[in-house]
Structures are given as C-alpha cells and as structure tokens.
Amino acid sequence: PSPSVVVMAKSGAKKQHEANKAQLKLLASVLNYTTVFHVVVRLCVRYKTVKKWNVVFFACTLLACRTSLTSLRSFAAPTYDADGELIDGGGSLRGGLTEYYQDLIYVGAFALTATTYSDWFWMSMLIIPAVGGYLIITKLILPYMSMKKQASEASAQEETKEEKRRRERSQRRQAKRRGF
C-alpha cells in the first residue's frame, strides 16, 4: 500500500482509540463518582437506615457495573505492533452489545445515586432484565417462530410433480370444453 493509505489507516485507528479512551474515561468517572456519593451519603451519613439487603444490592449493582466496564475496556483495547506503533484502535463502543453494557452502567449509576434518597429506587434495576427479556423475545424467539411458520407454509404450498401434472391436465380439459 502507498504511504498515504497507511497514514490514513493509522489516522482512523488513532481517532478510534481516542474516542474509545474518552468514552471509557466518562463511564469510569460516572461510576466512580456515583459509588463514592452512595458510600458517603448512604453508608456514612445515613448509616442507621442501612440494612443487610441494602449492602447486598449495592454490591451486586457495583459488581455488574464494574464487570461491564471491564468488558468494554477489553473490547476497546488497541493493538500495537512489535515497535509499539498503533495498528488498530480497538473495537467501536458505538452500536451492538457495547451499548447495552453502557446502558447497564448508566442505570446502575442512577440506582446508586437515587437510592440515597429512597430504597424504592433499587426497583429501577429491574429495567435490565426486562429489556433483556424483551430483546430475547423480539430478536430470537419471534423471528425463529415466524421462520418456522413460513417454512411450514411454504412446504404446504409446494405442489408435487404429480399434482402439477393433474392440475395442468384439468386446465387443458376445461379449455377444450370451452372451445378454445
């Protein structure tokens, strides 16, 4: 390849790497600030209202968010050659499964912040399995069922050679009777 093509490719990789780095920094900041806010307000200031299940929900939410952030970091990791030069800027954090990971982090951050006010905001975490169920139904189950239904309808509509021969013969007879 010509040098200009290589420079353009490296430029795209650099842009991708910088975009990923900025997005990951934002997500980490959101998660860190909301975690610190929750710990200070809920576990230090309002410590008398903390129950065992509050700590369990906090730990589960934090685990889910940290796991998502770690997955995003590994997906967006750049590739370097032996000389340390950037080859690939990493996967794009826009579209696909990475957006669901980011949504999980944002929902978790909301829950961590809002539950400093009321425990009922832990219910907002139920949006995650609800959306997951919806996606499974609409993206996997319904297309599979409609594909199966279309295949059975197509096989029912296909006529055998014998049926085709009989139909054509019947049509020729009717045409003769009409005088064509």
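Our structure is the block above this text.
Residues numbered from 1 in each chain as written. Predicted model: local features only at pLDDT ≥ 70, side-chain atom pairs only at ≥ 80, totals over all residues. Heavy atoms only, no water.

A.B. asks: How should I be thinking about a nonpolar patch on the surface in this particular structure?
C.D. replies: Residues Ile136, Ile137, Leu140, Ile141, Leu142, Tyr144, Met145 and Met147 make up a contiguous nonpolar surface patch of roughly 810 Å² in combined accessible area. One can find Leu142 in helix α4 (residues 127-157). Assessed through its relative accessible area of 45%, Leu142 is described here as partly exposed. (Patch = residues over 30% accessible without salt bridge, like charges linked within 9 Å, V, L, I, M, F, W, Y side chains within 5 Å. Areas by Shrake-Rupley, 256 points an atom, 1.4 Å probe, with all protein chains shown as cover. Salt bridge = Lys/Arg side-chain N within 4 Å of Asp/Glu carboxyl O. Helix = DSSP H or I, 4+ residues; strand = E, 2+ residues; numbered from the N terminus. Buried < 20%, exposed > 50% of the residue type's maximum accessible area, 1.4 Å probe, protein only.)

A.B. asks: In this structure, what is going on with the packing of aromatic side chains? I would like to understand it.
C.D. replies: Pairs of aromatic rings are described using the distance from one ring centre to the other and the angle between the two planes. All told, the structure shown has four aromatic pairs when counted by the stated rule. Taking the centre distance of 5.7 Å and the plane angle of 65° together, the rings of Phe57 and Trp122 count as edge-to-face. Residue Phe57 is found in helix α2 (residues 52-75), and its partner Trp122 is found in the loop between α3 (97-114) and α4; the two are separated by 65 residues along the sequence. We classify Phe57 as partly exposed; its relative accessible area is 37%. Take Trp122: its relative accessible area is 7%, and that puts it in the buried class. (Phe/Tyr/Trp six-rings, centres within 6.5 Å; stacked < 30°, edge-to-face > 60°.)

A.B. asks: Explain the pattern of salt bridges here, please?
C.D. replies: Counted under the stated rule, the structure contains one salt bridge. Linking Asp119 and Arg42 is a salt bridge whose minimum nitrogen-to-oxygen distance equals 2.7 Å. Taken as a pair, Asp119 in the loop between α3 and α4 and Arg42 in helix α1 (residues 3-45) lie far apart in primary sequence, 77 residues in all. The class for Asp119 is partly exposed, based on a relative accessible area of 24%.

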